[in-house]
Amino acid sequence: MQGLLLCLLFSLGGKSKSHRYELNHKKTYEYKYVGTITIGHDMPDLAESGVKLLCNVQIEGVSPQTFLLQVSNVAFQEQNGVPGNSGFTSSPKMSKKLSDEITKPFVFEYMNGRVGDIKAATEVSDTVVNIVRGILGFFQVTIKSTQRVYELEESGIHGLCQSNYIAEEDEHEQTLTLHRVVDVTNCRQKAAVTVGLALASENEPSKQRGDNIVAMVKYMYTVKSTSDGGLITMSRAEEKHHLSTLNVKGGNSKLLAIKEITLLKVLDSEGTHTIGPVQSRGNIIYKFGNELKQIPIVMMNLENPVPKIVDLIKRLAETNTNKELSGASTDVIEVFQLMRSASLEDLETLWRQLSDNQEHRRWFLDCVVEVDDERVIKFLERRFQNGDVTANEATQALLLALNHLKSELGTVDRSKGFLHMPFVKSNQLLWNTAVLSYGSLVYRLCEKIQPCPVTAVQPLLDIANNGLMNKNEEAMVLALKALGNAGHPSGLKTVIKFLPGISANAVDLPTRVISTAVDSLRHLARRDPHSVQDIALSLFVQKTLPAEVRMLACMILFKTRPPVALVSTISAVLLEETDLQFASFSYSLIKSLSNSRTPDNHHLSTACNIATKILAPKLERLSYFTSMAWHTDWFNTFLAGVTNELYMLKNAADSMPTTIIGKGKFHIIGRIIEMLEVMAVNNLLNIQLADWQSFPNSKPLFSGYARVYGQEVFFSDVNKEVLQQVFKAIDLNEGKDESPLRKFLKGLEEGALWHWTKPYLAYETRFIQATCLGLPVEISKYYLALTAVTANVKAQITPPVQQHVMELFTSEVSLETNGHISITKDIFAFHGINTELFQFGSELKCKANVNIPWKFMLNMNGREKKFELDISPYTDVTEVFSFTSDVYAVSRNIAEPSFAKRTPIIPITAESLDVISAATEGSQDFHLTSQFCAESSKYGTAICMEAQARRAHFFDEYPLSCLAGYSHVAIQLKPVETKRPIEKIQIQISAGPTKTLLNQIVALVRKLIKRNSEVIINPVVVMKALALSDAAKPEGFTAAVYSLPAAQKDNIQFIVSEVGEDANWKMCTETINTFVLNQVHFRWGAECQSYELTVNVARIQEPSSKPTLSAKVNWGNLPMYMNNFELLPFYSYLIGLHSQPDANPDHEFSAKVFNALPNTGDIIIKTPKVGDTDLR
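Per an unreviewed UniProt entry, the recorded name for the chain is Vitellogenin domain-containing protein, and the organism is Denticeps clupeoides.

Here we look at the environment of Phe88
Here Phe88 shows up in the loop between strand 3 (66-81) and strand 4 (89-90). Classification of Phe88 as partly exposed rests on a relative accessible area of 27%. In this structure the C-alpha to C-alpha distance between Phe88 and Lys52, which are 36 residues apart in sequence, comes to 7.4 Å. Among all residues touching Phe88, those that are not within four sequence positions of it are Thr36, Thr38, Gly50, Val51, Lys52, Gln77, Glu78 and Gln79.

Focus on empty space enclosed by the protein
This model, assessed by the stated rule, comprises 11 cavities of 30 Å³ or more. Empty space within the largest cavity amounts to approximately 110 Å³. If you trace the largest cavity, you find 14 residues lining it, with Gly156, Ile157, His158, Arg180 and Tyr219 closest to the centre. Only strand 7 (149-156), strand 8 (159-170), strand 9 (175-183) and strand 13 (213-226) provide two or more residues apiece to the lining of the largest cavity. Looking at the lining of the largest cavity residue by residue, the classes come out as 5 nonpolar, 7 polar and 2 charged.

Some details on the packing of helix 21 (residues 564-575) against helix 23 (residues 602-619)
Packed helices, taken two at a time, are described by the angle their axes make and the gap between the axes. For the pair helix 21 and helix 23, the least separation of the axes is 9 Å and the interaxial angle reads 20 degrees. With respect to each other, helix 21 and helix 23 are oriented roughly parallel. Helix-helix and strand crossings are classified by hand; for helix 21 and helix 23 the assignment is right-handed. Contacts between helix 21 and helix 23 involve Val564, Val567, Ser571, Leu574 and Leu575 on the former and, on the latter, Leu604, Ala607, Cys608, Ala611, Ile614, Leu615 and Lys618. A breakdown of the residues in the contact of helix 21 with helix 23 according to their chemical character gives 10 nonpolar, 1 polar and 1 charged.

Remarks on the confidence of the model for the chain
Averaged over all residues, the pLDDT of the chain equals 87, while 88% of them reach at least 70. Across residues 912-923 the pLDDT falls below 50, and counting only partners more than four positions away or on other chains, this stretch makes 17 contacts in the model. Confidence drops under a pLDDT of 50 for residues 1171-1176, and excluding neighbours within four residues, the segment shows 27 contacts in the predicted structure.

So, unusual backbone geometry
Across the junction of Gln450 and Pro451, the peptide omega takes the value 0 degrees, indicating a cis bond. Tracing the chain through its elements places Pro451 in the loop between helix 13 (428-448) and helix 14 (454-469). Going from Thr798 to Pro799, the amide bond is cis rather than trans, its omega being -10 degrees. Along the chain, Pro799 falls in the loop between strand 24 (776-798) and strand 25 (812-834). Backbone geometry places Asp1062, a non-glycine residue, at a positive phi of 60 degrees. Secondary-structure assignment places Asp1062 in the loop between strand 36 (1050-1059) and strand 37 (1065-1073). Here Asp1062 falls in the exposed class, since its relative accessible area comes to 80%. Unlike most non-glycine residues, Cys1088 shows phi in positive territory, near 65 degrees. Take Cys1088: it is sitting in the loop between strand 38 (1077-1086) and strand 39 (1091-1100). What makes Cys1088 buried here is its relative accessible area of 1%.

Focus on the pattern of salt bridges
In total, this model carries 50 salt bridges according to the counting rule given. Here Arg512 and Glu474 are joined by a salt bridge, their closest N and O atoms 3.3 Å apart. Of this pair, Arg512 sits in helix 17 (residues 511-519) while Glu474 sits in helix 15 (residues 473-486); the two residues are 38 residues apart in sequence, bridging distant segments of the chain. A relative accessible area of 16% places Arg512 in the buried class. Where Asp870 meets Lys984, a salt bridge forms, and the shortest distance between an N and an O atom there is 3.2 Å. Here Lys984 lies in strand 33 (residues 984-990) and Asp870 lies in strand 27 (residues 866-871), a separation of 114 residues in the sequence. On the accessibility criterion, Asp870 (10% relative accessible area) is buried. When its relative accessible area of 29% is taken as the criterion, Lys984 is described as partly exposed. Put simply, Lys481, Asp519, Arg522, Glu677, Arg707 and Glu712 are held in one network by salt bridges that share partners.

Reading the values: the criteria
Residues numbered from 1 in each chain as written. Predicted model: local features only at pLDDT ≥ 70, side-chain atom pairs only at ≥ 80, totals over all residues. Heavy atoms only, no water. Helix = DSSP H or I, 4+ residues; strand = E, 2+ residues; numbered from the N terminus. Buried < 20%, exposed > 50% of the residue type's maximum accessible area, 1.4 Å probe, protein only. Contact = heavy atoms within 4.5 Å. 1 Å grid on protein atoms, 1.4 Å probe; cavity = no way out; pocket = protein on both sides within 12 Å on 5 of 7 lines; lining within 4 Å. Points joined across faces, edges and corners; volume = space filled by probe spheres on them. Nonpolar A, V, L, I, M, F, W, Y, C, P; charged D, E, K, R; others polar. Axes fitted to C-alpha atoms, helices over the stretch in contact; angles between N-to-C directions. Parallel < 35°, antiparallel > 145°, perpendicular 65-115°, else oblique. Left-handed = near helix turned anticlockwise from the far one by under 90°. pLDDT = per-residue confidence, 0-100. Salt bridge = Lys/Arg side-chain N within 4 Å of Asp/Glu carboxyl O.

See the structure below:
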């Protein structure tokens, strides 16, 4: 290091100054080096973590341009805790481990202030070589003798970056002080890697408003004049990073890196060197290595991974068969980490050891897909070629493996093999998954490499062209969907072949194929907007095309974000449009986009606002029964927001929309994430169900797709043939004993145990960049979902089903079952240093658990329409939901993995254990504990919710501080002590009550409505929820729903009654519905006589008046909590209503809404007295 600094040689002695840029190869320079990095929130009462590296550095000349660097006296120190309360402490084991590598000789070239090739022994890790680069970075400097202020672009450990210099000369002390500032945020060639963000498209308009990472490095050199030239006696570098998850100042995570060298002595070289074999390791720019394989939230020894993986998978399989999953997340992450370090032969060994056990096999296949390079491709190839896995297993594995695979030329080229395997083509779902997933892999490659090679997309082009040549509709649709996933610019020429009016050689194709071709332009709308605009506009104006195709073209056209001139052209076309479906869809889309507030739509919303004013006179009055589009979004000053889109497409001949598309997007600083998109097509809506068999087999009855992060992962077309196969599957006479349904029912009667688990790493994003110390700082996010379902079921069916499944609805069925559903979702976020030797930084952990155990017996009598459910009461405390979140300062190292430190950012102190509801005087700490229970002594059960929060700084001062602190919410079911033991809780539902019950209801109705005439009661539904005990009568509630038909109106009664000794509480509800009036009358209390309230809603349309909707609420006696109107003036002011005194009826609240103008409405609300004043 010191030698490199000597590159800055400044000769400040005498009358002449020498600015030689080379180290003296006849000298030996010895420096003391100290490097420190801390990561935290830069607040005195919050915990942080860090490391310090101390050593001596000796630089000795080997030849005029070759130098030897040797490190000695290595010390590694860690810090974890609140600054001031905890300092750096030595780690002897980690010091020794690091010393074993870094004390080996390093050879580097040096000339004119530039570090050239660096060489080291092969056994020295990339991490240690990068630390040495951090030391040598002091010597990578430019000195201009004729300028005091200058700037230039130069290479350094961060990449090719802009540097600004200021030189200050002290002639009295014969020293020169050099200040250097490096902008490491905007490097042209930056030493940084992004993983997992290819599907989150960058949004420049948003990035221009603010960024979530700001970084800068400042160097200071002191150079003293000597007879040999300038000698660097001291240098210091300081690097600062500010990370904010949102565009907010304060409360964000900060990195501070400081390195210093101090000259100890300069000696004449002895000229003898024993170096040993070394090899080139690159230049001064940081080189990425094992940190890309190291998951930042675990630290473990990765040697000999096979037995460790076997033990973990066996433990996961055993633990999660009968228990909840809350503790399994760490084990699963460790399996992922170990598998990524395993060789291909290790994976084969694991398969041989685990594949025979169904539980172990499933866990292994679900985890091996997280091996994100060619190893997983080769592993799956062998399984498919040998027929070792089922089509279902292959589909799940291939879907996740290809979508989590690194997008590199090698992996893409190797993945082409799946598209030629007979095994993959033998199953339609597997084949679809392989083609769609390959398209997604190509898309991610094109985000990384530009121009994107045509060879990557060629297999999809071949499938599309072959399908077109053979008129194979299924092949064309699949290929076009995959090309849509890929978004490869070279795919545009092929897609054009499927678009009428665009292709020079037009081919008559089904509407479904044309629509898919239009939709496949969705990603190219961003990558090549001008070409897509021309194509989409040409389709938009072709009136001979089906309306569905033109509507999709309209969607694609606005995805390109057309300029004002093009939107004006679109408006002119719509003014002459005769197809109301198409016109309505296009106008509603333009109108909703005119209200968009997201940065990416800033100019588009302005253009659409102008277009809306032009089109409104003609198209504003189109009804909601035509095709429509809705776009709503929200965006705030934090540079975060959401977008929701809904499209309903129908043709003029259709009475109902046949196609519905829904989309959701999430905006975060500088990026747009298309979270989910679903589409459903139902062609049966507009035909008679009885005519479905006459429907053409080439046209699907139902269609749908699902897209995640903008990539289509699944689609299905259900035609007449598929529906007939479904009917055959549930036909008990189809194949007799071989009928799938018969086998299923037989299994239920014999008793069945079903267990299923699924670990799924839904999200892994990483951003890694170099620091001046040569250590990689990482920002990463992980979202892991674990699901486990265990069910024991046994059924008895009397009489047994013989011919058809519908016989179940006339049989007596008894079903006994127990089991549990357990769902765990973990979110990890890490900001810190991550290497295979040590990790430290800030770590956010959020965990949500859902645990639903059950045990019940269901008895169903289909003939009598009776259902009875017996539930065992809870005898233990059961936590059905919990959410826990906290931020920690973490420190881990490989020499002492079991001594990892994890300190809450807001440390737990004796004072913090006291339950308080507000900050103590003079303190910014905030701790809150709350608990609430709703008990039911009738059923012996309570639902309880508890919440805890601990914060160190208030939200109004540092908004992001709401994320830093402990949070916990839990919902629990607890047993409640009852006067008598409860054997079971029984829920009864009867759709055909007995005569005795009918007589009781008739008597009650006569009593309530004072009718003595005969009461006619139509079919009644009676529900009971009772707590049963052998020692006492049932307690609980019963409810009855029935109708009292009368001319010109529907009268529905709903009565809830308390069941038990001396119980007389009832609630009676009566609804009357006519064409102009809807009324609901409530009575409750003792025999429904204590309280009363009536709600009337009427539609009024008199010849000379405006259409009016009127609502009135009248009441008699009400409970005190319902009889308070004191806050009404305040609420009316908040929602913008003007109030004035008026004389209004007592015990009545009324509201009227009527049209004042075509696009506006008025509302009048009248209330009874509030204090001494009525309000209008």
